[in-house]
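# Results of the structural survey
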Amino acid sequence: MRDAVIVDAVRTPVGRRKGALAEIHPAELSAAVLRALAARTGLDPADVDDVVWGNVTQGGDQASNVGRWSVLAAGWPETVPATTVHRVCGSGQQAVHFAAAGLVSGQYDVAVAGGVESMTRVPMGSTHAGGQVAPPSVLERFGVDGFSQGLAAEMVAEKWGLSRTELDEYALRSHSLAAAATDAGAFTGQLVPVGGLIADEGIRRGGSVESLAKLKPVFKEDGVIHAGNSSQVSDGTAGVLMMTSEAAAARGLTPIARVHSAAVAGDDPVLMLTAPIGATAKVLRRAGLTLEDIGVYEVNEAFAPVPLVWRSETGADAARLNPLGGAIAVGHPLGASGAILLTRMVHHMRDNGIRYGLQTICEAGGLANAIVVENLHAER
């Protein structure tokens, strides 16, 4: 039976908006991780059947199939094809889903999945050009004037009774865990230094609930969501080398993990950020596993209410949730985040002997991806 295994996964450090990666074209960022994957594994790039690349704001430097320009910028053969996919914040994870499907179905033997986003060079929303994204029929259907992730975060926090203090405490946890993981060298083996950046740029040390209390709410005057408990606007990229087990064995490569199961789900587009709950249930049913079987959960920290509500609804073990910190501390370069999270997770699983990992990411419009990966060399 054909399968899809992850042979290697690498990422750049995540840069702050207008930070260390700001002057680097997104295709050049992507090229750095593509070259690293080939160098680390001895891969002949000519063997790659497709490069599936996530990206959200597909305009400016990221227009016209940034995945293809990334392949060419890497110096890979012209014969290596590429496509760019868009499932909003889950684009990088969707790229992995599509690559896995291609491997299992026999369309590919070797594929690279990942994503890139330069939110400095191509600002979020810059491709809307003043247009109304949701048509009048959809606005009328849901009884709203528009859809906003920030206001959705406020609504989710209110519906689940989350206080600003709880959200801020979670944000501080994210920074603390990310700093500790960095100091312990947890990310060293997965990072490709670019632009002089050797570690994630957004991590803050020594914050407090009192210091976060000084930040003004962004989306609602009396709200609880502010810059400190939301994901950071960032630049970055990640790439995942995927093959069938047979193709990996033929090259003498030992996979880190295999893609066990994957799912996508939809939910209320007004609340918008709750779909990871349904996506998690769906992927676990598909996998024939329970949440207790999973050793690590990566739930993208778009806003602090997202992982907190996910944990509340699923009953997940808090200690297994985002143990390396998340996007609140590190950043959320939209189209890359799914691949960045997966890179972090599979290395964490290998380093700690964890058998199963689950990753889910919320997306605009009330969508979510979920994936279960299995470390074939672990016992727990």
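Up top you'll find the structure we're talking about.
Residues numbered from 1 in each chain as written. Predicted model: local features only at pLDDT ≥ 70, side-chain atom pairs only at ≥ 80, totals over all residues. Heavy atoms only, no water.

### Quick word on the overall build of the protein chain
Secondary structure assignment for the protein chain yields 12 helices and 10 strands. A principal-axis box enclosing the C-alpha atoms of the protein chain has dimensions of 60 × 45 × 45 Å. Taking the contacts inside the protein chain whose residues are at least 6 apart along the sequence as the reference set, 81% of them involve residues at least 24 apart. Taken as a whole, the protein chain presents about 14,800 Å² of accessible surface, with 51% of it coming from carbon and sulfur. (Helix = DSSP H or I, 4+ residues; strand = E, 2+ residues; numbered from the N terminus. Contact = heavy atoms within 4.5 Å. Areas by Shrake-Rupley, 256 points an atom, 1.4 Å probe, with all protein chains shown as cover.)

### Description of the layout of surface pockets
Of the voids in this model, the largest pocket is the one considered here, and its volume is about 1,200 Å³. Around the largest pocket, the lining comprises 39 residues; the ones closest to its centre are Met124, His128, Gln149, Leu334 and Ala364. For the lining of the largest pocket, the class distribution of residues is 18 nonpolar, 17 polar and 4 charged. (1 Å grid on protein atoms, 1.4 Å probe; cavity = no way out; pocket = protein on both sides within 12 Å on 5 of 7 lines; lining within 4 Å. Points joined across faces, edges and corners; volume = space filled by probe spheres on them. Nonpolar A, V, L, I, M, F, W, Y, C, P; charged D, E, K, R; others polar.)

### Side note on the side chain of glutamate 298
Looking at the secondary structure, you find glutamate 298 in strand β8 (residues 296–299). Among buried Asp, Glu, Lys and Arg side chains, glutamate 298 stands out as unpaired, with arginine 344 the closest opposite charge at 4.3 Å. Non-local contacts of glutamate 298, meaning those with residues more than four positions away in its chain, are made with Asn322, Pro323, Gly325, Leu341, Arg344, Met345, Leu358, Gln359 and Thr360. (Buried < 20%, exposed > 50% of the residue type's maximum accessible area, 1.4 Å probe, protein only. Lys, Arg positive; Asp, Glu negative; His and termini not counted. Salt bridge = Lys/Arg side-chain N within 4 Å of Asp/Glu carboxyl O.)

### Some thoughts on the packing of helix α1 (residues 26–41) against helix α2 (residues 66–73)
Remark: α1 packs on α2, axes separated minimally by 8 Å, with the N-to-C direction vectors making an angle of 55°. Here α2 runs oblique to α1, going by the angle between their axes. Seen along the crossing, α1 lies across α2 with a hand that is right-handed. Residues Ala27, Glu28, Ser30, Ala31, Leu34 and Arg35 of α1 form the contact with α2, whose own contacting residues are Val66, Trp69, Ser70, Val71 and Ala73. Of the residues in the contact of α1 with α2, the class split is 7 nonpolar, 2 polar and 2 charged. (Axes fitted to C-alpha atoms, helices over the stretch in contact; angles between N-to-C directions. Parallel < 35°, antiparallel > 145°, perpendicular 65-115°, else oblique. Left-handed = near helix turned anticlockwise from the far one by under 90°.)

### Observations regarding empty space enclosed by the protein
It is a probe the size of a water molecule, rolled over the atoms, that shows where empty space is left. Within this structure, the stated rule accounts for 2 cavities of 30 Å³ or more. Looking at the largest cavity, its volume works out to about 70 Å³. What lines the largest cavity is Asn300, Gly326, Ala327, Val330, Gly331, His332, Pro333, Ser337, Ile340, Leu341 and Arg344. Elements represented by at least two residues in the lining of the largest cavity include exactly α11 (327–330) and α12 (337–352). Counting residues per element, the lining of the largest cavity draws most heavily on α12, which supplies 4 residues. The class makeup of the residues in the lining of the largest cavity is 5 nonpolar, 5 polar and 1 charged. As a volume, the second largest cavity reaches approximately 30 Å³. At the level of secondary structure, the elements contributing two or more residues to the lining of the second largest cavity comprise α9 (275–287) and α10 (305–314). Here the lining of the second largest cavity gets 4 residues from one element, more than from any other, and that element is α10. Classifying every residue of the lining of the second largest cavity gives 8 nonpolar, 1 polar and no charged.

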